[in-house]
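Structural overview
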Amino acid sequence: MNKADLRKTYKKKRNELSLEEVFSLDAQLFEQLTQYDWSGINYLHCYLSIEKFKEYHTLPFIEWIWANHPEITIVVSKSDFVSNELRHFTFYRDTPLELNAYGIPEPVISEEIAPFKMDAVLTPLLVVDKNGNRVGYGKGFYDRFFASCKPEVKKLGISYFEPVEKVSDVNEWDVPMDVVFTPLDTYYLK
Ligand SMILES: Nc1nc2c(c(=O)[nH]1)N(C=O)[C@@H](CNc1ccc(C(=O)N[C@@H](CCC(=O)O)C(=O)O)cc1)CN2
Ligand SMILES: Nc1ncnc2c1ncn2[C@@H]1O[C@H](COP(=O)(O)OP(=O)(O)OP(=O)(O)O)[C@@H](O)[C@H]1O
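The paragraphs below set out a description of the structure included in this document.

Calculation rules
- Residues numbered from 1 in each chain as written.
- Chains lettered and ligands numbered in written order.
- Predicted model: local features only at pLDDT ≥ 70, side-chain atom pairs only at ≥ 80, totals over all residues.
- Heavy atoms only, no water.
- Near = heavy atom within 4 Å.
- Polar contact = N/O pair within 3.5 Å; in protein donor to acceptor, adjacent residues only side chain to side chain.
- Areas by Shrake-Rupley, 256 points an atom, 1.4 Å probe, with all protein chains shown as cover.
- 1 Å grid on protein atoms, 1.4 Å probe; cavity = no way out; pocket = protein on both sides within 12 Å on 5 of 7 lines; lining within 4 Å.
- Sits in = over half its atoms within 2 Å of the grid points.
- Nonpolar A, V, L, I, M, F, W, Y, C, P; charged D, E, K, R; others polar.
- Pairing = 2+ DSSP bridges.
- Helix = DSSP H or I, 4+ residues; strand = E, 2+ residues; numbered from the N terminus.
- Axes fitted to C-alpha atoms, helices over the stretch in contact; angles between N-to-C directions.
- Contact = heavy atoms within 4.5 Å.
- Points joined across faces, edges and corners; volume = space filled by probe spheres on them.
- Buried < 20%, exposed > 50% of the residue type's maximum accessible area, 1.4 Å probe, protein only.
- Core = buried A, V, L, I, M, F, W, Y, C linked by side-chain atoms within 4.5 Å.

1. What to know about the site of ligand 1
Surveying the vicinity of ligand 1 reveals 17 residues, the closest of which are Lys-11, Leu-48, Glu-55, Tyr-102 and Tyr-137. Within the side chain of Lys-11, a nitrogen or oxygen atom sits 2.6 Å from an oxygen atom of ligand 1. Between a nitrogen atom of ligand 1 and a main-chain N or O atom of Leu-48, the distance comes to 2.7 Å. For ligand 1, the accessible surface in isolation is 700 Å², of which the surrounding protein chains cover 76%. Cavity membership is defined here by more than half of the atoms lying within 2 Å of grid points; on that basis ligand 1 lies in the largest pocket. Here the shell around ligand 1 is composed, by residue class, of twelve nonpolar, two polar and three charged.

2. Notes on the sheet that holds strand β9 (residues 154-158)
The strand order β3-β2-β1-β6-β9-β10-β11 describes an open sheet built from seven strands, whose pairing is mixed. Pairing within the sheet leaves two strands with one partner each, and these edge strands are β3 (85-91) and β11 (186-188). The average undirected angle you get between the axes of adjacent strands in this sheet is 25°. The sheet strands contacting helix α2 (residues 19-35) are β6 (120-124), β9, β10 (179-181) and β11, and the helix crosses β10 at an angle near 145°.

3. So, the side chain of Thr-182
With respect to the helices, strands and loops of the structure, Thr-182 is situated in the loop between β10 and β11. Reaching out from Thr-182, the side chain makes a polar contact with the side chain of Glu-162 at a distance of 2.8 Å. Sequence-distant contacts of Thr-182, defined by excluding residues within four places in its chain, comprise Leu-29, Gln-32, Ser-159, Phe-161, Glu-162, Pro-163 and Tyr-187.

4. Re empty space enclosed by the protein
Tallied over the entire structure, the rule returns one cavity of 30 Å³ or more. Taken as a whole, the largest cavity encloses approximately 70 Å³ of empty space. What lines the largest cavity is simply Arg-14, Tyr-47, Glu-55, Tyr-56, Pro-124, Leu-125, Leu-126, Ile-158, Ser-159, Tyr-160 and Phe-161. Counted by class, the lining of the largest cavity contains eight nonpolar, one polar and two charged residues.

5. Things to note about the environment of Glu-98
Along the chain, Glu-98 turns up in strand β4 (residues 97-99). Take Glu-98: its relative accessible area is 46%, and that puts it in the partly exposed class. The sequence separation of Glu-98 and Leu-156 amounts to 58 residues, and the corresponding C-alpha distance is 25 Å. Contacts of Glu-98, omitting those with residues within four sequence positions, involve Ile-104, Pro-105, Glu-106 and Val-108.

6. Description of the site of ligand 2
By nearness alone, 16 residues border ligand 2, and Lys-3, Arg-7, Arg-134, Gly-136 and Gly-140 come closest of all. Separating an oxygen atom of ligand 2 from a backbone N or O atom of Tyr-142 is a distance of 3.4 Å. Asp-174 has a polar side-chain atom sitting 3.2 Å from an oxygen atom of ligand 2. Expressed as a share of its isolated accessible area of 660 Å², the protein-covered part of ligand 2 is 73%. More than half of the atoms belonging to ligand 2 lie within 2 Å of the grid points that define the largest pocket. When residues of the shell around ligand 2 are traced back to their parent elements, those giving at least two are α1 (3-15), β8 (134-135) and α4 (141-147).

7. Considering the nonpolar core
Core analysis: the biggest nonpolar cluster contains 52 residues, and Trp-38, Leu-44, Phe-61, Ile-74, Leu-122 and Phe-181 have the highest contact counts within it. Take this core: its biggest share by element is five residues, from helix α3 (residues 59-68). Setting aside chain neighbours within four positions, we find Ile-74 in contact with Leu-44, Cys-46, Ile-62, Ile-65, Trp-66, Phe-89, Thr-90 and Phe-91.

What follows is the structure, given as structure tokens:
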């Protein structure tokens, strides 16, 4: 299937999840994430969830990192919807957040971190294929971001759904995921 059709299908599938389903999928994803080997990571970039789109709710996992991996600095983004580029800032317990016009929580003030500093990036997505090719909302924020990261950055995807066989229209700018967390499994793709 192509990205446009997958985007439509998986947006609908996610929308149709009940709150009970989301709650239980989130608990399973949390288990997968906490079983991953986080050693060697200093800067972990993580998205903050858009509630109205029913994205996996990352805050409980971020709190787990704060409690269990004090050596890791969590970094979150601010989105510029004119250039479709991200800027990156440290995120601590006391960092104030505000919702931007798209419903994405963003830090009000904190320290800016350059993209090449990231050791791992937890990436939002609608669905991936078995090669790690990702379908997002179609604005290319994360593809641009990965283009400015160091080549060895760990690209980690989070998905409510199992990988599909194939995204048929992969472009030259698409950066595949190395690892994908789903409620049922963690896939190591490269
Ligand atoms: N939590 C989170 N943060 C993220 C992303 C993400 O997928 N999740 N992004 C990943 O790249 C970027 C933001 N991408 C976005 C792209 C489009 C819309 C949006 O609201 N689009 C339409 C509505 C479409 C719809 O209804 O589905 C609009 O413009 O109104 C929001 C965020 C950066 N930050
Ligand atoms: N490194 C890059 N530099 C400049 N433009 C880029 C880059 N990567 C992607 N783009 C542009 O961004 C758009 C990405 O579209 P695509 O359908 O791949 O988005 P997506 O990966 O689903 O979305 P998102 O990353 O926002 O979740 C394309 O129009 C592409 O031209």
